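Survey of secondary and tertiary structure
Given next are the chains, with one letter for each unit.
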Amino acid sequence: MKNEVVFILGGGSGMGLATAAVLIQNGYQVVISGRTETTLVRVSKRLGPNCTYALVDASDAERLKRTLLGIGKIDHIIVTISVRANAGGIHNTSEANAKKAFQRFWISYNVLHLSSEVLQRNGSVTLISGSSAKTPLKGYGVWGSLHGSLNALVKQAAIDLAPIRINAISPGGIGMNPDRQLTEHNGTTENVAQMIYAVVGNAAVTATVIDVDGGERMGTWNG
């Protein structure tokens, strides 16, 4: 059994839940967090005794700091939070809606800002960006800008915060129709979770953005 603790922001559903399950299966102690206690209780019971939970709104920087410091030993932090925002292209998204989408950036930034206080010296932070940073698409300008900003944040934070390792996983359109992929496979949250697990456990990986998108918009397969 590993004696390593992983804190997952947004661990109650989606990529966060899939990641929690994979990490627990591989011997990690996991703390999932979110804003809905009933969901966290149900999920933590389902995942078993190596999963606990913390009720926290990650957009509240001070509360997040208190929560992380209150846990004690943390080896890895994974940010899988999603933000619901009415955002699309730069031409048709208001400043207010763009700022709402970019809340994900500031949550990730605050986690990195706090990491040297709350993480073990050789710990890691893993963020989630997205494939629209790599292959821009009309109508996704806000999201492409957000994901590109997160990728840039990883590169700089890895230098500023070393030896803490900083990486990002860049998923394709999970839950959407395939878009000119190279592989005949619909991306799943489990695919992302497996890559997060690999990055968390590999002490030689930092300042890296890893695509998990089946070669999206590089091939011909549309499902």
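Structure: above.
Presented here is a report on the structure given in the accompanying data block. (Residues numbered from 1 in each chain as written. Predicted model: local features only at pLDDT ≥ 70, side-chain atom pairs only at ≥ 80, totals over all residues. Heavy atoms only, no water.)

A few words on the environment of Ile-164. Relative to the elements of secondary structure, Ile-164 occurs in the loop between helix H6 (141-160) and strand E6 (165-171). Its relative accessible area of 5% is what places Ile-164 among the buried residues. Distance from Ile-164 to Ser-132, taken between C-alpha atoms, is 27 Å for residues 32 residues apart in sequence. For Ile-164, the contacting residues outside a window of four places in its chain are Ser-115, Ser-116, Leu-119, Gln-120, Arg-121, Gly-123, Ser-124, Val-125, Ala-158 and Thr-206. (Helix = DSSP H or I, 4+ residues; strand = E, 2+ residues; numbered from the N terminus. Buried < 20%, exposed > 50% of the residue type's maximum accessible area, 1.4 Å probe, protein only. Contact = heavy atoms within 4.5 Å.)

With that settled, consider the sheet that holds strand E4 (residues 76-79). Sheet architecture is open: seven strands sit in the order E3-E2-E1-E4-E5-E6-E7, paired in parallel fashion. In the strand order of this sheet, the two ends are held by strand E3 (51-55) and strand E7 (208-212), each with one partner. Averaged over all pairs of adjacent strands, the angle between their axes in this sheet comes to 20°, without regard to strand direction. Packed onto the sheet, helix H1 (residues 14-25) meets strand E1 (5-9), strand E2 (29-34), E3, E4, strand E5 (124-128) and E6 and runs at close to 170° relative to E1. Taken strand by strand, helix H3 (residues 61-71) contacts E1, E2, E3 and E4, and its axis lies near 160° from that of E1. (Pairing = 2+ DSSP bridges. Axes fitted to C-alpha atoms, helices over the stretch in contact; angles between N-to-C directions.)

Attention now moves to the nonpolar core. Formed by 38 residues in total, the largest nonpolar core has its most connected members in Leu-9, Ile-77, Leu-127 and Ile-166. Every element with two or more residues in this core is listed here: E1, H3, E4, helix H4 (95-101), helix H5 (103-118), E5, H6 and E6. Counting residues per element, this core draws most heavily on H6, at eight residues. For Ile-77, the contacting residues outside a window of four places in its chain are Phe-7, Leu-9, Leu-68, Val-111, Val-118, Leu-119, Ser-124, Val-125 and Thr-126. One finds Val-6, Met-15, Ile-32 and Ile-210 within the second-largest nonpolar core, a separate group that totals 23 residues. (Core = buried A, V, L, I, M, F, W, Y, C linked by side-chain atoms within 4.5 Å.)

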